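The primary structure of each chain is shown beneath.
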Amino acid sequence: MDALGKCHFQSKTSASDRSTLLKCASEVGLNSNALETFLNGDELVDEVWHSYGHTIRGMRIHSIPLFLFSLDKNGGPFRDGKGETFAHNGSGSAENFLDVFERAWAATKQTETR
């Protein structure tokens, strides 16, 4: 985990990237060829899907989160029916999230100039 953490936090390489996993395995003395064979196979597919299903049912997860941002001091459309709300689907990318904030920022600047 230390090798993956170092790659992720210090080198800014994805811990889920195959080449990162293989590099880290080698660095800590694991057999990278065996790891690559494992990653190319489906040895634990059933167990992973079972665990995934158990987790989402156990945690009562029924949907992907939706983030709503309102700039109105009175709560926006959800309280007084006024103002603008910005939404981001939780499964969206970081770029989509950034776009929501940039649009909200731009709307704030337009409101200030009125």
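The coordinates are above.
I will try to describe carefully the structure that is included in this document. Quick caveat, the model's predicted, so the values are computed rather than measured.

Digging into the overall build of the protein chain
Link 1 in the chain: Within the protein chain one finds five helices and two strands.
Link 2 in the chain: The order of α-helices and β-strands along the protein chain, N terminus first, is α-α-α-α-β-β-α.
Link 3 in the chain: Sequence separation of 24 or more characterises 19% of the internal contacts of the protein chain that already satisfy a separation of 6 or more.
Link 4 in the chain: Accessible surface for the protein chain amounts to roughly 9,400 Å². Of this, 56% is attributable to carbon and sulfur atoms.

Digging into unusual backbone geometry
Link 1 in the chain: One non-glycine residue, Lys12, lies in the positive phi region at around 55°.
Link 2 in the chain: On the secondary structure map, Lys12 appears in the loop between α1 (2-10) and α2 (18-27).
Link 3 in the chain: Classification of Lys12 as exposed rests on a relative accessible area of 71%.

A word on the packing of aromatic side chains
Link 1 in the chain: All chains considered together, the criterion is met by five aromatic pairs.
Link 2 in the chain: Seen in terms of ring centroids, Phe97 and Phe101 are 5.5 Å apart; in terms of plane orientation they differ by 15°. Their pairing is stacked. Taken as a pair, Phe97 and Phe101 lie in helix α5 (residues 94-113) at a separation of four residues, close to a single helical turn.
Link 3 in the chain: Residue classification places Phe101 among the partly exposed positions, given a relative accessible area of 42%.
Link 4 in the chain: Chaining the aromatic ring pairs together yields one cluster made of Phe67, Phe69, Phe97 and Phe101.

Section: a nonpolar patch on the surface
Link 1 in the chain: Taken together, the side chains of Phe38, Leu44 and Val48 define a hydrophobic patch exposed on the protein surface, amounting to about 250 Å² of accessible area.
Link 2 in the chain: Position of Leu44 among the secondary structure elements: in the loop between α3 (32-40) and α4 (45-58).

Overview of a negative patch on the surface
Link 1 in the chain: Together, Asp42, Glu43, Asp46 and Glu47 make up a negatively charged patch on the protein surface.
Link 2 in the chain: By the element assignment, Glu47 lies in helix α4.
Link 3 in the chain: The partly exposed category is assigned to Glu47, whose relative accessible area is 47%.

Remarks on the pairing of strand β2 (residues 85-89)
Link 1 in the chain: Taking every second residue as pointing to the same face, the buried face of β2 carries Phe86 and His88, while none of Thr85, Ala87 and Asn89 on the other face is buried.
Link 2 in the chain: Note that strand β1 (residues 66-70) and β2 share five bridges and pair antiparallel. Each residue of the ladder has a partner; that of Phe67, found in β2, is His88.

About the thresholds
- Residues numbered from 1 in each chain as written.
- Predicted model: local features only at pLDDT ≥ 70, side-chain atom pairs only at ≥ 80, totals over all residues.
- Heavy atoms only, no water.
- Helix = DSSP H or I, 4+ residues; strand = E, 2+ residues; numbered from the N terminus.
- Contact = heavy atoms within 4.5 Å.
- Areas by Shrake-Rupley, 256 points an atom, 1.4 Å probe, with all protein chains shown as cover.
- Buried < 20%, exposed > 50% of the residue type's maximum accessible area, 1.4 Å probe, protein only.
- Phe/Tyr/Trp six-rings, centres within 6.5 Å; stacked < 30°, edge-to-face > 60°.
- Patch = residues over 30% accessible without salt bridge, like charges linked within 9 Å, V, L, I, M, F, W, Y side chains within 5 Å.
- Salt bridge = Lys/Arg side-chain N within 4 Å of Asp/Glu carboxyl O.
- Lys, Arg positive; Asp, Glu negative; His and termini not counted.
- Charge placed at Lys NZ, Arg CZ, Asp CG, Glu CD.
- Pairing = 2+ DSSP bridges.

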